[in-house]
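Here are the chains, one letter per residue:
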Amino acid sequence: MDGKPCCVKLSVQPSRGLMDEKFIVLVQNVFPGFQLTLHALYKCEDGHSWEAFAHYTASAIGTVNVSVDPSLGGTYSGVEPMGLLWSLRPVPGSKPWLRMRKMNVQTPMEVTISVYPGYQTEGFLDQVSLAGVVVERWYMAPGVRRIPITEAGLTATLFLPPGPGPFPGLLDLWGGGGKLVEYRSALLASHGFASLALDYLTPQVTIETGKMVDNQYFERAFKVLEQHPQILSSRIGMIGLSFGTSITLKMAVYSQVAKFRCIVGISGSHVQPVDGSVEQLMNFFKENTEKTRFNSENHVICRDLLLPIPTDPSLKVDVGRLQCPLLLVVGEDDQNWPAYESALDIKEMMERAGNSHLLTLLSYPDTGHLIEPPFTPFAKASTFRAVTSRQIMIALWGGETVAHSRAQEDAWRKTLVFLRAHLYGNVNTGVTSFSNL
């Protein structure tokens, strides 16, 4: 079929939805057996453009349904309902080693999905598409409130779910790159959890004084959640990624102020000087910089910094003392941090202490360090600026595209189940979704 069909119909439902919500892409009114390319284009806030594309053959009734029909090639293959999102990659000629992150959660991720004739791999913008639609994916559901927090010397943003509450609370920490990262907290609030995104490595107080925050900084953040009138003070959890997991484990075991109902650690470790401040933790990691390796592309591999896992109890959080449920999420191909080895040691420590019933471990083969919310495009390596040295490097995160993307979807779903079980119990969140509007 060489002719181009007229009146091609392309629909994406829902066209507006949450970032973790699946959509259905349907092409209609094409010839049976017609070969076509579906293309997704997204212009990031930093000005860089990303694309994904896939090849399909129309059915006997002249349709392509991405949810059930296989891609025969492109940036992904097989039946992948959300492949047009998770396989997004920088367009040819882009700056190398980019990583996509949504920094302004008050605006949607706008993705243009188009249909082109034939199996194509390049030059999409030089052609006229057969049909196109713009899809909005949001981190904030309707009614979620974004509240900047500066009290108690904090640099933070509180996201409150729709409705009067009160809601369970979450303290949300990202990793060693610093800055105030809001998109996970916004998405958690969209699922009914009041979430406080906290900048603890580059907050205003550190910029003004040149000094890193002390351990009381995190306890003050906990108190902000605990004392908020719309938050259930006895139902507060904590979630950390990478270095944020180090802080999360330490707080949960040793803090006399912060009492958590449950905690989540993603791609992190319990290895650290347990009596140390944030600055001392950073220095501890730097002391082992001679263990840093580089691959053939000169990407930095940091996973050996904490290996072998020490036997000295003063260099590990005593997770045997943990009294609340812990969900650990790790990638077995994490090249940035020994998360998998740490998880095995944590499991062993908790078994010896008799509290392993509190541990849920999600371990994913061929999965790297950056385990993000679902359908976030995969980055095996990307530019990274260390907070302390300000040195720019290309960090190798690890993982393989398909396996990592599957892990992100599975881990997020199970994380929400875990949080609902331990923070809500049988309470219905009643959160409004775009598809119900």
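Everything that follows concerns the structure shown earlier in this document.
Predicted model only: the values in this text are computed from it and were never measured.

Chemist: How do you make sense of the packing of helix α2 (residues 183–190) against helix α8 (residues 401–424) when you look at a structure like this?
Modeler: The angle between the axes and the distance between the axes are what describe a pair of packed helices. One way to put it is that α2 packs onto α8 with a least axis distance of 12 Å and a crossing angle of 55°. When the axis of α2 is compared with that of α8, the two are oblique. In this structure, the crossing between α2 and α8 has a hand that is right-handed. For the pair α2 and α8, contact is made by R184, L187 and L188 and by W412, L416 and L419, respectively. Residues belonging to the contact of α2 with α8 are distributed by class as follows: 5 nonpolar, no polar and 1 charged.

Chemist: Can you help me understand the sheet that holds strand β11 (residues 155–160) in this one?
Modeler: Ordered in space as β10-β11-β13-β12-β14-β15-β18-β19, the 8 strands form an open sheet in which the pairing is mixed. Taken across any chain shown, the strands that pair with only one partner, and hence form the sheet edges, are β10 (145–149) and β19 (359–364). Neighbour to neighbour, the strand axes of the sheet diverge by 15° on average, direction disregarded. Strand direction decides the pairing type here: strand β15 (residues 262–266) and strand β18 (residues 326–331), joined by 4 bridges, are parallel. From the neighbouring strand, G265 faces β18, where its bridge partner is L328. Sitting on the sheet, helix α5 (residues 243–254) touches β12 (167–173), β14 (231–241), β15 and β18, and the angle it makes with β14 is about 140°. Strands β18 and β19 of the sheet are contacted by helix α7 (residues 339–353), whose axis makes an angle of about 150° with β18.

Chemist: So what exactly am I meant to see when it comes to the environment of S233 here?
Modeler: Relative to the helices and strands, S233 resides in strand β14. Residue S233 is classed as partly exposed on the basis of its relative accessible area of 40%. Separated by 60 residues in the primary sequence, S233 and R293 have C-alpha atoms spaced 45 Å apart.

Thresholds applied
Residues numbered from 1 in each chain as written. Predicted model: local features only at pLDDT ≥ 70, side-chain atom pairs only at ≥ 80, totals over all residues. Heavy atoms only, no water. Axes fitted to C-alpha atoms, helices over the stretch in contact; angles between N-to-C directions. Helix = DSSP H or I, 4+ residues; strand = E, 2+ residues; numbered from the N terminus. Parallel < 35°, antiparallel > 145°, perpendicular 65-115°, else oblique. Left-handed = near helix turned anticlockwise from the far one by under 90°. Contact = heavy atoms within 4.5 Å. Nonpolar A, V, L, I, M, F, W, Y, C, P; charged D, E, K, R; others polar. Pairing = 2+ DSSP bridges. Buried < 20%, exposed > 50% of the residue type's maximum accessible area, 1.4 Å probe, protein only.

All quantities given are derived from atomic positions and should not be read as evidence of function.
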